Amino acid sequence: MERFLPVLSSAKNVVVLTGAGISAESGIPTFRGTDGLWSKLKPEELANFDAFLRNPELVSEWYKHRREVTRVAKPNAAHTALVEMEKLFSHFTLVTQNIDNLHRRAGSQNVAELHGNIERNYCLGCGKRYDGEDFDRNNSFQCPECGGLIRPDIVWFGEMLPSDQWRTAEVASSEAEVMYVVGTSAVVYPAAELPMTVKSHGGMIVEVNIEETPLSEFADLSIQGSASEVMTEVVEKIKEYRRVAKESK
Ligand code: NAD
Ligand code: ZN
């Protein structure tokens, strides 16, 4: 990492792409990890529009349960390090595949949520929004205004990504001198395309993951370790590098 510090410190455009791994240390299980949620339950069977239409009550219960899990979870040191990192760079975009709201709760500002956010819901009938904890207190998946079904504002299997969020991610990636890919197996398209966009114009990829991924061989720097430890260290090293550079001027 020392070798890359001059580039990491002087970059003007920085993008971070995060996945479920960054929230693992907050106690929110990943899907593909060894003890991932995937192996116990079958979210594919719940997280799609047909399943919702067939059994809105069951799918709504499942998301209510997931909101309970994410609400008791707290942002961890990796989320906090990214809040710090945002302050260090003039153009900083955080692109997340997570729906758990932890980046916003930690205090990150410029966040593109590619898969939506579990705290937001909307009515399929009239479009009325039902956001935050009040929604669960009312405990209904039916819109009191029109009787329509209220669905979570997240991207289900087979659905398109929200175009404004995707556009933000694409533009940021096309300008990024450095992209950190943190806690994602980098196999879910189209998010997995973003690192390729960065590479294609000569940007640098720094991967942070507890294990090797399909991206590892493309990454300029692949750091194996937990997101919280590694990202805390990265931010400290950049600050330290800048301080020393300033002093020696
Ligand atoms: P994934 O489950 O496919 O992969 C998680 C990755 O994180 C793995 O590569 C794993 O090695 C790595 N990892 C696990 N613990 C880590 C740690 N402490 N530090 C660093 N890396 C660690 O997750 P994904 O690639 O984000 O996959 C995709 C889909 O799952 C996304 O659509 C996402 O929305 C959804 N998902 C979201 C959440 C959430 O919002 N927290 C949770 C589970 C799944
Ligand atoms: Zn309605």
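Let me sum up the structure you'll find in this document.

Conventions and cut-offs
Residues numbered from 1 in each chain as written. Chains lettered and ligands numbered in written order. Predicted model: local features only at pLDDT ≥ 70, side-chain atom pairs only at ≥ 80, totals over all residues. Heavy atoms only, no water. Phe/Tyr/Trp six-rings, centres within 6.5 Å; stacked < 30°, edge-to-face > 60°. Buried < 20%, exposed > 50% of the residue type's maximum accessible area, 1.4 Å probe, protein only. Lys NZ or Arg CZ within 6 Å of the ring centre and 35° of its normal. Axes fitted to C-alpha atoms, helices over the stretch in contact; angles between N-to-C directions. Helix = DSSP H or I, 4+ residues; strand = E, 2+ residues; numbered from the N terminus. Parallel < 35°, antiparallel > 145°, perpendicular 65-115°, else oblique. Left-handed = near helix turned anticlockwise from the far one by under 90°. Contact = heavy atoms within 4.5 Å. Nonpolar A, V, L, I, M, F, W, Y, C, P; charged D, E, K, R; others polar. Donors = N, O, S within 2.8 Å, 3.2 Å for Na, K, Ca; no water. Tetrahedral: all angles 85-135°; square planar, octahedral: opposite > 155°, others 65-115°. Core = buried A, V, L, I, M, F, W, Y, C linked by side-chain atoms within 4.5 Å.

1. A look at the packing of aromatic side chains
At step 1: One pass over the structure, following the stated rule, counts 5 aromatic pairs.
At step 2: Ring centres of Tyr130 and Phe135 lie 6.1 Å apart, and the angle between their planes is 45 degrees; this geometry places the pair in the tilted category.
At step 3: Looking at Phe135, the relative accessible area reads 10%, which means it is buried.
At step 4: Feature note: the residues Phe49, Phe52, Trp62, Tyr63 and Trp156 constitute an aromatic cluster, connected by ring pairs.
At step 5: A cation over a ring is seen here: Arg151 above Trp156, with NZ or CZ 4.0 Å from the ring centre.
At step 6: The ring of Phe89 has Arg242 sitting right over it, with the charged end atom 5.0 Å from the ring centre.

2. Quick word on the packing of helix α7 (residues 77–88) against helix α12 (residues 227–247)
At step 1: Contact geometry of α7 with α12 gives a least axis separation of 7 Å together with a crossing angle of 25 degrees. Overall, the two elements α7 and α12 adopt an arrangement that is roughly parallel. Considering how the two elements wind past one another, α7 and α12 form a crossing that is left-handed. Counted together, Ala77, Ala78, Ala81, Leu82, Glu84, Met85 and Leu88 of α7 and Ala227, Ser228, Met231, Thr232, Val234, Val235, Ile238, Lys239 and Arg242 of α12 form the full contact between these two elements.
At step 2: Residue classes in the contact of α7 with α12 are distributed as 11 nonpolar, 2 polar and 3 charged.

3. Describing the coordination of the zinc ion (ligand 2)
At step 1: Looking at the metal site, the zinc ion (ligand 2) is ligated by Cys123 (SG), Cys126 (SG), Cys143 (SG) and Cys146 (SG), spaced 2.3 Å from it.
At step 2: Coordination at the zinc ion (ligand 2) comes from 4 donor atoms whose angles at the metal span 95 to 115 degrees, giving a geometry best classed as tetrahedral.
At step 3: In the primary structure, the donors to the zinc ion (ligand 2) are separated according to the pattern C-x2-C-x16-C-x2-C.
At step 4: The class for Cys143 is buried, based on a relative accessible area of 3%.

4. Describing the nonpolar core
The nonpolar side chains of soluble globular proteins are, as a tendency, buried together.
At step 1: With 30 residues, the main nonpolar core has Met85, Tyr180 and Ile238 as its most contacted residues.
At step 2: Those elements giving two or more residues to this core turn out to be α1 (5–10), β1 (13–18), α7, β2 (91–96), β6 (178–182), β7 (204–209), β8 (221–224) and α12.
At step 3: Looking at this core, the element that brings in the most residues is α12, giving 6 residues.
At step 4: Among the nonpolar cores identified, the runner-up in size contains 19 residues, and Ala112, Ala176, Met179 and Val198 belong to it.

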